[in-house]
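This is what each chain is made of:
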Amino acid sequence: MKFSHHDPVIFYKNLEKEWNKRIHAHTNCLTFTHAFGKAIENHLDHVVIQQKVINNWLTVFDIPTKNDFADLAERKVDCEDKIDNLEETLYMLNLGLNKDNSELKKLNKSLSDMLCLFENEVKDLKANKIRTLKTELEDLKKLFNE
């Protein structure tokens with residue numbers, strides 16, 4: 001290995017290249033691939049056995065498993081979705097209620113104005129009726145007095 005020690009970045013880049021060449025030379029063969037595959041299979045077999053043992057112990061001690069937590073999390077997400085839908089529904093209902101309230105206020109104001117108008121008209125009608133009755137009475141008095 002011949003490296004230049006003047007620049008540390010170049011030195012470490014060259015060192016990395018050399019290590020990659022050596023690793024590639026030792027691992028790029030059929031024997032290593034078979035051995036590595038066998039080691040992974042053995043490891044996975046060991047992991048499966050450990051999972052079964054752990055799940056058995058969790059069942060014995062009545063402790064929830066990761067599947068139980070996953071189911072719980074899924075139910076929580078479903079509940080959150082339902083709450084979001086309810087919130088949206090309530091918001092829309094509230095908007096409609098506010099709109100209806102404003103329209104009812106307008107209608108109430110309009111009805112109050114109409115009531116005042118009718119009351120004034122009734123007063124005017126009564127006053128006119130009384131005046132006409134008075135004039136008719138005076139006319140009748142004049143007729144009888146003659």
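The rules behind the values
- Residues numbered from 1 in each chain as written.
- Predicted model: local features only at pLDDT ≥ 70, side-chain atom pairs only at ≥ 80, totals over all residues.
- Heavy atoms only, no water.
- Helix = DSSP H or I, 4+ residues; strand = E, 2+ residues; numbered from the N terminus.
- Rg over C-alpha atoms; globule rule 2.2 N^0.38 Å.
- Buried < 20%, exposed > 50% of the residue type's maximum accessible area, 1.4 Å probe, protein only.
- Areas by Shrake-Rupley, 256 points an atom, 1.4 Å probe, with all protein chains shown as cover.
- Lys, Arg positive; Asp, Glu negative; His and termini not counted.
- Charge placed at Lys NZ, Arg CZ, Asp CG, Glu CD.
- Phe/Tyr/Trp six-rings, centres within 6.5 Å; stacked < 30°, edge-to-face > 60°.
- Patch = residues over 30% accessible without salt bridge, like charges linked within 9 Å, V, L, I, M, F, W, Y side chains within 5 Å.
- Salt bridge = Lys/Arg side-chain N within 4 Å of Asp/Glu carboxyl O.

S.K.: Requested: an account of the overall build of the protein chain, with residues and values cited.
M.R.: Assigned secondary structure in the protein chain consists of three helices and zero strands. The linear arrangement of helices and strands in the protein chain, starting from the amino end, is α-α-α. Its C-alpha radius of gyration of 49 Å places the protein chain more than 25% over the 15 Å reference for a compact globule of 146 residues. Across its three principal axes, the protein chain shows a C-alpha extent of roughly 150 × 60 × 25 Å. Taking all 146 residues of the protein chain together, the buried fraction comes to 2%. Here the protein chain displays about 14,100 Å² of accessible surface, and carbon together with sulfur accounts for 62% of that area. Taking the 22 positively charged and 25 negatively charged side chains of the protein chain as two groups, their mean positions are separated by 4 Å.

S.K.: Just give me the short version of the packing of aromatic side chains, but keep the residues and values in it.
M.R.: Here a ring pair, both rings aromatic, is described through the centre-centre distance and the interplanar angle of the planes. Under the definition given, this model contains three aromatic pairs. Look at F11 and Y12: their rings are 5.1 Å apart centre to centre, the planes differ by 75 degrees, and that puts the pair in the edge-to-face class. Residues W57 and F61 carry aromatic rings whose centres are separated by 5.5 Å and whose planes lie at 15 degrees to one another, so their mutual orientation is stacked.

S.K.: Describe a nonpolar patch on the surface, naming the residues involved and giving the relevant values.
M.R.: Residues I49, V53, W57, V60, F61 and I63 make up a contiguous nonpolar surface patch of about 630 Å² in total accessible area. Locating I49 in the fold gives a position in helix α2 (residues 30–60).

S.K.: How would you sum up the pattern of salt bridges? Please name residues and give values.
M.R.: Counted under the stated rule, the structure contains three salt bridges. The salt bridge involving R22 is made with E18; its shortest N-O contact spans 3.4 Å. You can see R22 and its partner E18 sitting in helix α1 (residues 8–27), four residues apart, about one turn around the helix. Overall, R22 belongs to the partly exposed group, its relative accessible area being 48%. Note that E80 and K76 form a salt bridge whose closest N and O atoms lie 2.6 Å from each other. Taken together, the residues E80 and K76, both in helix α3 (residues 66–145) and four residues apart, mark about one turn of the helix.

S.K.: I'd like a rundown of a negative patch on the surface, residues and numbers included.
M.R.: On the surface, D68, D71, E74, D78, D81, D84, E87 and E88 cluster together into a patch of negative charge. Among the secondary structure elements, D68 is positioned in helix α3. Classification of D68 by relative accessible area gives partly exposed; the value is 39%.

Just distances and angles here, no functional claims.
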